[in-house]
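A closer look at the structure
Now for the letters of each chain:
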Amino acid sequence: MENENKLLKILKPVVRVVTLISIALGLLAVAILVLYNFSDVLTIYTDDGTKYADGFSYPGYQTIFAGFGNMIIQGYTETTFNIWTFLGCFLPLIGCIVASIMLATNFLRRGTNKKKAIVEGIVAVFLIFGGIILLNVDKLWIENAKHVTGSYTNYYEAYLLPAINGELYFGKDYFPVVTFVICLIVGIVKALNCGLLLFQKYYARKVNGRQNVEISK
């Protein structure tokens, strides 16, 4: 019984430290996901005399909401709204904001471990899912561009497909990789925090139950 009480005393500060780390990393993930929208995530170069002969890097928001390239031209669309990149960006973004607020406001409040653990577990899944989705933004962009209809120029056939085939270049920039690494790390920390919160809750209940039995004897 004494050893169990010692473990509980150790768990309490450990859980608090991990929770503080989770809050801080959650805010970092929020910053990265916001920056994703305004950072270059894809780059295309095409042959001399074509639209992207000088190259163009697409910011993240174009890969989510609507791709129009280096200028908005009426009747011309490169990609349309992509539900997968939208979910990949905004599910973890909103989840991290909610989790950070909830963890901070309930930091010292007793009896909230289960609620905090559930939120942390859900956000961990969102982060890992979002990181994987945004890492594959190039594949999703290509697939989305294939299905654009009604544009006066077929961007996929005229520019993207030749660039994919080496005339001259189409590829992913570094920021989707950075986003994936950050989301993965934060997701793992939040999953760990979820586990610690649940373990602390149910272990404390088990110890208290034993203590009550000893007292009744």
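In every chain, residue numbers begin from 1 and rise along the written sequence. With the structure being a predicted model, the display of local features is reserved for residues of pLDDT at least 70 and the display and counting of side-chain atom pairs for 80 or more, all residues being used for whole-chain, interface and lining totals. No hydrogens and no water enter the side-chain calculation; it runs on all heavy atoms of the structure.

This paragraph deals with the side chain of Thr-85. Helix and strand definitions follow DSSP, with helices as H or I runs of at least four residues and strands as E runs of at least two, each counted in order from the N terminus. With respect to the helices, strands and loops of the structure, Thr-85 is situated in helix H3 (residues 83-105). Throughout, exposure labels follow a simple rule: accessible area from a 1.4 Å probe, protein chains only, divided by the maximum for the residue type, with under 20% read as buried, over 50% as exposed, and the rest as partly exposed. When its relative accessible area of 1% is taken as the criterion, Thr-85 is described as buried. Whether two residues are in contact is decided by their heavy atoms, any of which lying within 4.5 Å being enough. Aside from chain neighbours lying at most four places away, what touches Thr-85 is Thr-63, Ile-64, Ile-133, Leu-134, Val-137 and Leu-140.

Here we take up the environment of Leu-93. Of note, Leu-93 is situated in helix H3. Sequence separation between Leu-93 and Val-119 is 26 residues, and the spatial gap between their C-alpha atoms is 13 Å. The contacts of Leu-93, once residues within four sequence positions are left out, are Val-30, Leu-33 and Val-34.

The next thing to look at is empty space enclosed by the protein. Of the grid points, spaced at 1 Å and generated over the protein atoms alone, those admitting a 1.4 Å probe that cannot get out make up cavities, while open sets with protein on both sides within 12 Å along at least five of seven lines make up pockets; any residue with an atom within 4 Å of a point is treated as lining. Grid points are joined across faces, edges and corners, and a volume is the space filled by probe spheres set on the points. Under the criterion given, the structure shown has one cavity of 30 Å³ or more. The calculated volume of the largest cavity comes to roughly 30 Å³. Taken together, Thr-63, Thr-79, Asn-82, Thr-85, Val-137, Leu-140, Trp-141 and Asn-144 form the lining of the largest cavity. Sort the elements by how many residues they give to the lining of the largest cavity and helix H5 (residues 137-146) lands first, with four residues. Residue polarity follows a fixed list, in which Ala, Val, Leu, Ile, Met, Phe, Trp, Tyr, Cys and Pro are nonpolar, Asp, Glu, Lys and Arg are charged, and the others, Gly among them, are polar. Residue composition of the lining of the largest cavity, grouped by class: three nonpolar, five polar and no charged.

With that settled, consider the environment of Ala-145. For Ala-145, the location among the structural elements is in helix H5. In this structure, the C-alpha to C-alpha distance between Ala-145 and Asn-165, residues 20 residues apart in sequence, is 15 Å. Ignoring anything within four residues of it in the chain, the contact list for Ala-145 reads Glu-78, Thr-79, Tyr-155, Tyr-156 and Leu-160.

This paragraph deals with the pairing of strand E1 (residues 40-46). The buried fraction of E1 is high, at five of seven residues. Strand pairing requires that DSSP identify at least two bridges connecting the strands. With four bridges connecting them, E1 and strand E2 (residues 56-59) associate as antiparallel partners. If you follow Leu-42 over to E2, its bridge partner there is Tyr-58. Pairing of E1 with strand E3 (residues 168-172) involves five bridges; the strand directions are antiparallel. Each residue of the ladder has a partner; that of Thr-43, found in E3, is Gly-171.

The subject of this paragraph is the nonpolar core. Soluble, globular proteins show a tendency: their nonpolar side chains are buried together. By convention a nonpolar core is built from buried Ala, Val, Leu, Ile, Met, Phe, Trp, Tyr and Cys residues, the set being connected through side-chain atoms within 4.5 Å. Core analysis: the biggest nonpolar cluster contains 36 residues, and Ile-44, Tyr-52, Tyr-58, Tyr-155, Leu-160 and Phe-170 have the highest contact counts within it. Secondary structure elements with two or more residues in this core: helix H1 (2-38), E1, E2, H3, helix H4 (113-135), H5, helix H6 (155-164) and helix H7 (175-216). Sorting elements by how many residues they give to this core places H1 first, with six residues. Not counting residues up to four positions away in its chain, the partners in contact with Ile-44 are Tyr-52, Gly-55, Phe-56, Tyr-58, Tyr-155, Tyr-159, Leu-160, Ala-163, Tyr-169 and Phe-170. Formed by nine residues, the second largest nonpolar core is a distinct cluster that contains Leu-11, Val-18, Cys-194 and Leu-197.

What follows covers the layout of surface pockets. If a probe the size of a water molecule is rolled over the atoms, the empty space left behind becomes visible. By volume, the largest pocket amounts to about 610 Å³. Lining the largest pocket are 19 residues, with Lys-12, Arg-110, Gly-111, Asn-113 and Gln-200 sitting closest to its centre. Every element with two or more residues in the lining of the largest pocket is listed here: H1, H4 and H7. For the lining of the largest pocket, the element with the most residues is H7, which contributes six residues. Of the residues that constitute the lining of the largest pocket, the class distribution is six nonpolar, six polar and seven charged.

For helices, the fitted axis covers only the stretch in contact; all axes are lines through C-alpha atoms, and the angles between them, taken along N-to-C directions, range from 0 to 180 degrees. Between H3 and H4, whose axes approach to 8 Å, the crossing angle comes to 150°. The orientation of H3 relative to H4 falls into the category roughly antiparallel. Crossing hand, H3 versus H4: left-handed. Facing Trp-84, Thr-85, Leu-87, Gly-88, Cys-89, Leu-91, Pro-92, Gly-95, Cys-96, Ala-99, Met-102 and Leu-103 of H3, the residues of H4 in contact are Lys-115, Lys-116, Val-119, Glu-120, Val-123, Phe-126, Leu-127, Phe-129, Gly-130, Ile-133 and Leu-134. Its residues assigned to classes, the contact of H3 with H4 shows 16 nonpolar, four polar and three charged. Orientation is classified from the angle alone, with under 35 degrees giving roughly parallel, over 145 giving roughly antiparallel, 65 to 115 giving roughly perpendicular, and any other angle giving oblique. By convention the crossing between two helices is left-handed if the near helix lies anticlockwise of the far one by an angle smaller than a right angle, and right-handed if it lies clockwise.

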